[in-house]
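Listed below are the residues making up each chain.
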Amino acid sequence: ILGAKRQAQDIVKSEVQRAKSEGLEGLYSVTNRWIGGTMTNLGEVSKNFKRLSDINKLFANDFEKQKFTKKELLLLEREKQKLMTFYDGITEMVRTPDVIFIIDTHLEYLAVREAKAMGVKVVGITDTNADPTIIDYAIPANDDAVGSIKLITSYIVDAWIEGKKIALKETQTAVSTSNVANANTADAAAKSAPSVPTGSSTNSGQGVQSAKREGTP
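Here is a short report on the structure shown in this document. (Residues numbered from 1 in each chain as written. Predicted model: local features only at pLDDT ≥ 70, side-chain atom pairs only at ≥ 80, totals over all residues. Heavy atoms only, no water.)

1. Overview of the overall build of the protein chain
Thought 1: Check the secondary structure of the protein chain and you find seven helices and three strands.
Thought 2: Element order for the protein chain, N to C, with α for helix and β for strand: α-α-α-α-β-α-β-β-α-α.
Thought 3: Going through the 217 residues of the protein chain one by one, you find that 30% of them count as buried.
Thought 4: Across the protein chain, the fraction of contacts at a sequence separation of at least 24, relative to all contacts at a separation of at least 6, is 58%.
Thought 5: Of the roughly 14100 Å² of accessible surface on the protein chain, a fraction of 54% belongs to carbon and sulfur atoms. (Helix = DSSP H or I, 4+ residues; strand = E, 2+ residues; numbered from the N terminus. Buried < 20%, exposed > 50% of the residue type's maximum accessible area, 1.4 Å probe, protein only. Contact = heavy atoms within 4.5 Å. Areas by Shrake-Rupley, 256 points an atom, 1.4 Å probe, with all protein chains shown as cover.)

Below, the structure written as structure tokens:
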């Protein structure tokens, strides 16, 4: 979800948090300036994700922090804040998203271009100043009104939550079905295997002893 304009920032953050509270993963957000290359050059951009992760780990470890001077820690804190401003909502994104929902497609024309270049479906609020023909799923609405943004974004997140739950349920059902099929196959294989009489080895030994007594070579 891309909602970098002031009216949309808090709404997007709240809705994404609502989805995460359901225990679901895979929904990301940008609530500040869109960084060029986020989709078209994700490999390079992800290096900033790692940098932010490394800094967070450093600040969480008192022993590691002691290796730096106060000035160095201050500079690291500033770098951390800058990285969080741009990437906080997408640091866990490891691949190009399947769909992007954009609030104000006219303002975020760069994100629209990147999405089209990468084959990512675009769902977007298109106000009177936007071109709906370049949007895969255009939603004609006022992209400046808080009420409008809240209503549409909440419906988009509701749909994502519902779809995610259905997908997880289908995956669990497929895994369960596969496990049952494997168990049935193993059971059938065990039943079709030739049986070995338990007394065969004993009878064979008795035959050898009898033959020796009778002088049979």
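After that view, the rundown keeps rolling.
2. Section: the side chain of Thr 153
Thought 1: By secondary structure assignment, the location of Thr 153 is in helix H6 (residues 146-192).
Thought 2: The exposure class assigned to Thr 153 is buried, which follows from its relative accessible area of 0%.

3. Here's the deal with the side chain of Ser 154
Thought 1: Structurally, Ser 154 is set in helix H6.
Thought 2: Residue Ser 154 is classed as buried on the basis of its relative accessible area, which comes to 15%.
Thought 3: Reaching out from Ser 154, the side chain makes a polar contact with the backbone oxygen of Leu 151 at a distance of 2.7 Å.
Thought 4: Non-local contacts of Ser 154, meaning those with residues more than four positions away in its chain, are made with Glu 15 and Arg 18. (Polar contact = N/O pair within 3.5 Å; in protein donor to acceptor, adjacent residues only side chain to side chain.)

4. Considering the packing of aromatic side chains
Thought 1: Under the counting rule described, the total for this entry stands at two aromatic pairs.
Thought 2: Ring plane angle 70 degrees and centroid distance 5.5 Å describe the contact between Phe 49 and Tyr 87, whose orientation is recorded as edge-to-face. Of the two residues, Phe 49 is situated in helix H2 (residues 42-59) and Tyr 87 in helix H4 (residues 70-87); the sequence distance between them amounts to 38 residues.
Thought 3: What makes Tyr 87 buried here is its relative accessible area of 6%.
Thought 4: With a centroid separation of 6.3 Å and 70 degrees between ring planes, the pair formed by Phe 86 and Tyr 87 is classed as edge-to-face.
Thought 5: Judged by relative accessible area, Phe 86 falls into the partly exposed class, the value being 21%.
Thought 6: Taken together through their ring pairs, the aromatic side chains of Phe 49, Phe 86 and Tyr 87 make up a single cluster.
Thought 7: Here the basic side chain of Lys 80 rests over the ring of Phe 59, its NZ or CZ set 5.5 Å away from the ring centre. (Phe/Tyr/Trp six-rings, centres within 6.5 Å; stacked < 30°, edge-to-face > 60°. Lys NZ or Arg CZ within 6 Å of the ring centre and 35° of its normal.)

5. With respect to the environment of Glu 22
Thought 1: The topology assignment puts Glu 22 in the loop between helix H1 (6-20) and H2.
Thought 2: Sequence separation of Glu 22 and Ile 161 is 139 residues, and the distance between their C-alpha atoms is 8.1 Å.
Thought 3: In this structure Glu 22 touches Ile 161 and Lys 165, once residues within four positions along its chain are discounted.

6. So, H4
Thought 1: In this model, H4 (18 residues) spans 25 Å end to end at C-alpha, consistent with the 26 Å of a helix rising 1.5 Å per residue.
Thought 2: Considered for burial, the residues of H4 that qualify are Leu 73, Leu 76, Lys 80, Leu 83 and Tyr 87. Each buried residue of H4 lies within a common arc of 85 degrees when the element is viewed along its axis, so the set occupies one face. Within H4, the exposed residues directed more than 90 degrees away from the buried face are Lys 70, Lys 71, Arg 78 and Lys 82. (Expected span 1.5 Å × (residues − 1). Arc of directions from axis to C-beta.)

7. Here's the deal with the environment of Glu 92
Thought 1: Mapping Glu 92 onto the fold places it in the loop between H4 and strand E1 (99-103).
Thought 2: Given the relative accessible area of 60%, Glu 92 is considered exposed.
Thought 3: Spatially, the C-alpha atoms of Glu 92 and Phe 49 are 7.8 Å apart, while their sequence positions differ by 43 residues.

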